[in-house]
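Each chain, written out:
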Amino acid sequence: MKKGKKIYEGKAKIIYATSDKNLVIQYFKDDATAFNNQKKSTIEGKGVLNNRISEHILSNLSEVGIKNHLVKRINMREQLVKLVDIIPIEFVIRNIATGSLTKRLGIEDGTVLERPLIEYCLKDDKLGDPLISRDHILNFNWLNIAQLDLINENLTRLNDFLLGMFRAVGIKLVDFKVEFGFTHESGKNEIVLADEISPDTCRLWDTITDKKLDKDRFRKDLGDLIPAYTEVAKRLGILHEQSNVSAVNVTKLSSVKKKTK
Ligand code: TMP
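Residues numbered from 1 in each chain as written. Predicted model: local features only at pLDDT ≥ 70, side-chain atom pairs only at ≥ 80, totals over all residues. Heavy atoms only, no water.

> Requested: an account of the site of the ligand, with residues and values cited.
Close to the ligand lie 13 residues, the nearest being Arg94, Ser100, Asp175, Lys177 and Arg203. Ser100 places a polar side-chain atom, nitrogen or oxygen, 2.6 Å from an oxygen atom of the ligand. Taking 450 Å² as the accessible area of the ligand by itself, protein coverage stands at 77%. Elements that contribute at least two residues to the shell around the ligand include exactly strand S9 (89-96), strand S12 (171-183) and strand S14 (202-206). (Near = heavy atom within 4 Å. Polar contact = N/O pair within 3.5 Å; in protein donor to acceptor, adjacent residues only side chain to side chain. Areas by Shrake-Rupley, 256 points an atom, 1.4 Å probe, with all protein chains shown as cover. Helix = DSSP H or I, 4+ residues; strand = E, 2+ residues; numbered from the N terminus.)

Structure (structure tokens):
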């Protein structure tokens, strides 16, 4: 598959065209941002870990019938994915109250929710990704009822699957954000899960200690982001238990792979 020109650059990933008009390459950067791009840094090795973790999760989702854009991982930083038109909505699912929910509504941090809470945010950095309702989505025709219901059904199944997967390795899935898009393939216009699922887009707490194993380590200046993401990868069985992946090792791994391409 020939890599073509850059067609989109986001905060954490770059999308390149390929020789197939329905497929693109998704490149994972080491850039980290928070609070709508106000806080920025580069964390060496983050992209490599997110590429591996997201590949692992999305390929497991395909096996349980949750359709997504992943075709295959190409190398340490890149995946071949289906080209989609991203729906400009961030879908957030919460199992435990924290983050913006606690700030917005005064709910105590760590409150276990009676049932999963779905929230919608408009994907618009200039507006600060504002919270929107189901009625906004329907009123402005961002999705029709059938499409929104299909996505909600997928979100519930996805949450159940991810809760179980992380619980099995001693991690609480506190909340996460996902995106969906319309595929272009053979005029089908199917809705599939896109983007990534990684410690950048989930809140993950150790079951016993509540230690944060996700991007809150960057948002809250807790440090040790790479060891936390590495711990998630090891527990999911992506990296061997004995491999001690430091930022330097991850970078080395990544450059070795690049040279052998
Ligand atoms: P929040 O508590 O800041 O609203 O975040 C809810 C979840 O969504 C949390 O797992 C982090 C994730 N998230 C993103 O992936 N991207 C974003 O831009 C934001 C604001 C949150």
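> Please give an account of helix H1 (residues 46-63) that cites residues and values.
The end-to-end C-alpha separation of H1 is 26 Å, in line with the 26 Å expected for 18 residues at 1.5 Å each. Those residues of H1 that sit buried are Lys46, Gly47, Val48, Leu49, Asn50, Asn51, Arg52, Ile53, Ser54, Ile57, Leu58 and Leu61. (Expected span 1.5 Å × (residues − 1). Buried < 20%, exposed > 50% of the residue type's maximum accessible area, 1.4 Å probe, protein only.)

> Can you explain helix H4 (residues 145-167)? Please cite residues and give values.
Between the first and last C-alpha of H4 there are 33 Å, a value that for 23 residues agrees with the 33 Å anticipated at 1.5 Å per step. Regarding H4, the residues found buried are Leu148, Ile151, Asn152, Asn154, Leu155, Leu158, Asn159, Leu162, Leu163, Met165 and Phe166.

> Pulling in residues and values, what's your account of the packing of H1 against helix H6 (residues 225-235)?
Across the interface, H1 lies against H6 with an axial gap of 10 Å and an inter-helix angle of 20 degrees. In this view, H1 runs roughly parallel relative to H6, as classed from their interaxial angle. Handedness of the crossing formed by H1 with H6: left-handed. Counting all contacts with H1, which are made through Lys46, Leu49, Asn50 and Ile53, the residues of H6 involved are Leu225, Ile226, Tyr229, Thr230, Val232 and Ala233. A per-class count over the contact of H1 with H6 returns 7 nonpolar, 2 polar and 1 charged. (Axes fitted to C-alpha atoms, helices over the stretch in contact; angles between N-to-C directions. Parallel < 35°, antiparallel > 145°, perpendicular 65-115°, else oblique. Left-handed = near helix turned anticlockwise from the far one by under 90°. Contact = heavy atoms within 4.5 Å. Nonpolar A, V, L, I, M, F, W, Y, C, P; charged D, E, K, R; others polar.)

> Would you mind going over the pairing of S9 in detail, with residue names and values included?
S9 sits mainly inside the fold: 8 of its 8 residues count as buried. As paired elements, S9 and strand S10 (residues 112-122) share 7 bridges and run antiparallel to each other. Bridging across to S10, Phe91 finds its partner in Tyr120. The sheet contact formed by S9 and S12 spans 4 bridges and is antiparallel. (Pairing = 2+ DSSP bridges.)

> Summarise the layout of surface pockets; cite the residues concerned and give the values.
Estimated volume of the second largest pocket: approximately 150 Å³. In terms of lining, the second largest pocket is formed by Asn95, Ile96, Val112, Leu163, Arg167, Ile171, Lys172, Leu173 and Thr207. For the lining of the second largest pocket, the elements supplying multiple residues, two or more each, are S9, H4 and S12. Class assignment for the residues of the lining of the second largest pocket results in 5 nonpolar, 2 polar and 2 charged. (1 Å grid on protein atoms, 1.4 Å probe; cavity = no way out; pocket = protein on both sides within 12 Å on 5 of 7 lines; lining within 4 Å. Points joined across faces, edges and corners; volume = space filled by probe spheres on them.)

> Please set out the pattern of salt bridges residue by residue, giving values where relevant.
For the structure shown, the criterion picks out 28 salt bridges. With its nearest N and O atoms 2.7 Å apart, the salt bridge here joins Lys29 to Glu9. With Lys29 in the loop between strand S3 (23-28) and strand S4 (31-34) and Glu9 in strand S1 (residues 3-9), this pair connects stretches of sequence that are 20 residues apart. A relative accessible area of 11% places Lys29 in the buried class. For Glu179, the salt bridge goes to Lys123, with nearest N and O atoms at 3.3 Å. Placement of Glu179 in strand S12 and of Lys123 in the loop between S10 and strand S11 (131-132) is noted, with a sequence separation of 56 residues between them. (Salt bridge = Lys/Arg side-chain N within 4 Å of Asp/Glu carboxyl O.)

> Mind laying out the side chain of Asp214, listing which residues take part and the relevant values?
Considering the arrangement of structural elements, one finds Asp214 in the loop between S14 and helix H5 (216-219). It is Arg219 that comes nearest to the buried, bridge-free Asp214 among opposite-charge side chains, at 4.5 Å. In this structure the side chain of Asp214 is engaged in a polar contact, spanning 2.8 Å, whose partner is the backbone nitrogen of Leu204. Not counting residues within four places of it along the chain, the set of residues in contact with Asp214 comprises Pro199, Cys202, Arg203, Leu204, Trp205 and Tyr229. (Lys, Arg positive; Asp, Glu negative; His and termini not counted.)

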